[in-house]
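Here is how the chains run, residue by residue.
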Amino acid sequence: MASVLLMLSSIATYHWVFLEGVRQGWPGFAPVARLVHQDQINTQDAYMRANLDAMARKLGEMQARMMQIDSLGERVAGLAGLSATEFKAPPGSGGTLVASRDLSMDELSSALDRIDQTTGSRVDWLTVVESRLFDQKIQRTMVPTEQPVSGVSIGSRFGFRIDPFTGRSALHTGLDFPADTGTPILAAAGGVVVVQDYHPAYGNMVEIDHGNDLITRYAHSSKVFVKKGDIVKRGQKIAEVGTTGRSTGPHLHFEVLVSGVPQDPQRFLAAGENVAALQKGPGPASRKP
């Protein structure tokens, strides 16, 4: 115990003498204090430099990732029908490394500020691209490309034909889908029901407005499951096949009208089949090894 107490008192005396010598400016104490202080400064500088170097490397990785985002943004903007020049990546740079130096704190801070501004503008631009792509998706779902009766062949096509009641040539303004009574009738696209009524010629009839002056008409139904004002989705069951109105047997009479003028529905349905085929891709037999 005496030895321990003697050691502790010696250490305390040494520290008091050293601090007092530095404070009073005794000869020989000031250089030692400066060496200790300089060593602490060097240690702190080395620690700060190591951290700055790590941050600089991370900054380089962020800049490389931003260039990848810029390149991807250009391609996506093109798909959305927007001008890719507004999302132009910065010009390339490079060359032989002749000499390098460490970044200062101010230079690193400025570079981080530039990346922050760039990321903010890219977020705004990609939000515009997302909005445009969403609009295009909505427009595609509003085009009548889905067959209104699944798994049946088309009977009478659009165009002039011999009228089954008069025996004379007359314009057939839609497509006929012969099917058993009660077969589901599906909405060819999403939209709003604007007509649900009984018509002397069309029988139980439904009309769906898809926007842009585009309307589809479903006639001769036996049962109807929607009413005026309902919002329907593509492929939703809206009625069942019947033979009401001016009809010789159970079938769906399907029309597409643009600005009130009948169009050939087959053109729209064929477009939907082509899109579905492209999405599935080529079959195994058609793929090259």
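Going by the structure above, here's the rest.
The present account deals with the structure reproduced in this document. Everything numeric in this text was worked out from a predicted model, so none of it was measured. (Residues numbered from 1 in each chain as written. Predicted model: local features only at pLDDT ≥ 70, side-chain atom pairs only at ≥ 80, totals over all residues. Heavy atoms only, no water.)

1. Thoughts on the pairing of strand S6 (residues 203-209)
Okay, so step 1: The element S6 is extensively covered by neighbouring structure, given that 6 of its 7 residues are classed as buried.
Okay, so step 2: As defined by bridge partners, strand S5 (residues 191-199) adjoins S6 across 7 bridges and the pair is classed as antiparallel. The residue of S6 that forms the bridge with glutamine 196 is valine 206.
Okay, so step 3: What sits between S5 and S6 in their antiparallel hairpin is a turn of 3 residues.
Okay, so step 4: Relative to strand S7 (residues 214-224), S6 runs antiparallel, the two sharing 5 bridges. (Buried < 20%, exposed > 50% of the residue type's maximum accessible area, 1.4 Å probe, protein only. Helix = DSSP H or I, 4+ residues; strand = E, 2+ residues; numbered from the N terminus. Pairing = 2+ DSSP bridges.)

2. Considering the packing of aromatic side chains
Okay, so step 1: This model, assessed by the stated rule, comprises 2 aromatic pairs.
Okay, so step 2: Here the aromatic rings of tyrosine 218 and phenylalanine 254 are separated by 5.4 Å at their centres, their planes lie at 45°, and the arrangement is tilted. One end of the pair, tyrosine 218, is in strand S7; the other, phenylalanine 254, is in strand S10 (residues 251-258), and 36 residues separate them in sequence. With respect to burial, tyrosine 218 and phenylalanine 254 carry one shared label: buried.
Okay, so step 3: Members of the aromatic cluster, each reached through a chain of ring pairs, are Phe177, Tyr218 and Phe254. (Phe/Tyr/Trp six-rings, centres within 6.5 Å; stacked < 30°, edge-to-face > 60°.)

3. What about the environment of serine 221?
Okay, so step 1: Its place among the elements puts serine 221 in strand S7.
Okay, so step 2: Along the sequence, serine 221 and tyrosine 198 sit 23 residues apart, while their C-alpha atoms lie 9.6 Å from each other.
Okay, so step 3: For serine 221, the contacting residues outside a window of four places in its chain are Ile185, Asn204, Ala239, Glu240, Gly242 and Thr244. (Contact = heavy atoms within 4.5 Å.)

4. Some points on the nonpolar core
Okay, so step 1: Counting residues in each nonpolar core, the largest one holds 22 residues, and the members touching the most others are Ile208, Tyr218, Ile238 and Phe254.
Okay, so step 2: Elements with a minimum of two residues in this core: strand S3 (175-178), S6, S7, strand S9 (237-241), S10 and helix H4 (265-280).
Okay, so step 3: Excluding anything up to four places from it in sequence, phenylalanine 254 contacts Pro148, Gly174, Leu175, Phe177, Ala188, Thr216, Arg217, Tyr218, Pro265 and Leu269.
Okay, so step 4: With 5 residues, the next largest nonpolar core counts Leu52, Leu59, Leu108 and Ala111 among its residues. (Core = buried A, V, L, I, M, F, W, Y, C linked by side-chain atoms within 4.5 Å.)

5. What about unusual backbone geometry?
Okay, so step 1: Positive phi, normally seen in glycine, also occurs at asparagine 212, with a value near 55°.
Okay, so step 2: On the accessibility criterion, asparagine 212 (75% relative accessible area) is exposed.
Okay, so step 3: Here aspartate 213, not a glycine, exhibits a phi torsion of approximately 60°, which is positive.
Okay, so step 4: Checked against the element boundaries, aspartate 213 lands in the loop between S6 and S7.
Okay, so step 5: Taking relative accessible area as the criterion, aspartate 213 reaches 54% and is therefore assigned exposed.

6. Considering the pattern of salt bridges
Okay, so step 1: Scanning the model with the defined rule gives 6 salt bridges in all.
Okay, so step 2: Of the charged contacts, one joins aspartate 176 and arginine 161 as a salt bridge, the two residues approaching to 3.5 Å between their closest N and O atoms. Residue aspartate 176 is located in strand S3, and its partner arginine 161 is located in strand S1 (residues 159-162); the two are separated by 15 residues in the primary sequence.
Okay, so step 3: The salt bridge involving arginine 217 is made with glutamate 255; its shortest N-O contact spans 2.9 Å. Taken as a pair, arginine 217 in strand S7 and glutamate 255 in strand S10 lie far apart in primary sequence, 38 residues in all. The same class applies to arginine 217 as to glutamate 255, namely buried.
Okay, so step 4: Each of Glu207, Arg217 and Glu255 takes part in salt bridges that share partners, so that together they form one network. (Salt bridge = Lys/Arg side-chain N within 4 Å of Asp/Glu carboxyl O.)

7. Quick word on the side chain of arginine 217
Okay, so step 1: Residue class for arginine 217 comes out buried when judged on its relative accessible area of 14%.
Okay, so step 2: Side-chain polar atoms of arginine 217 contact the side chain of tyrosine 202, separated by 3.1 Å.
Okay, so step 3: Sequence-distant contacts of arginine 217, defined by excluding residues within four places in its chain, comprise Tyr202, Met205, Val206, Glu207, His253, Phe254, Glu255 and Leu257. (Polar contact = N/O pair within 3.5 Å; in protein donor to acceptor, adjacent residues only side chain to side chain.)

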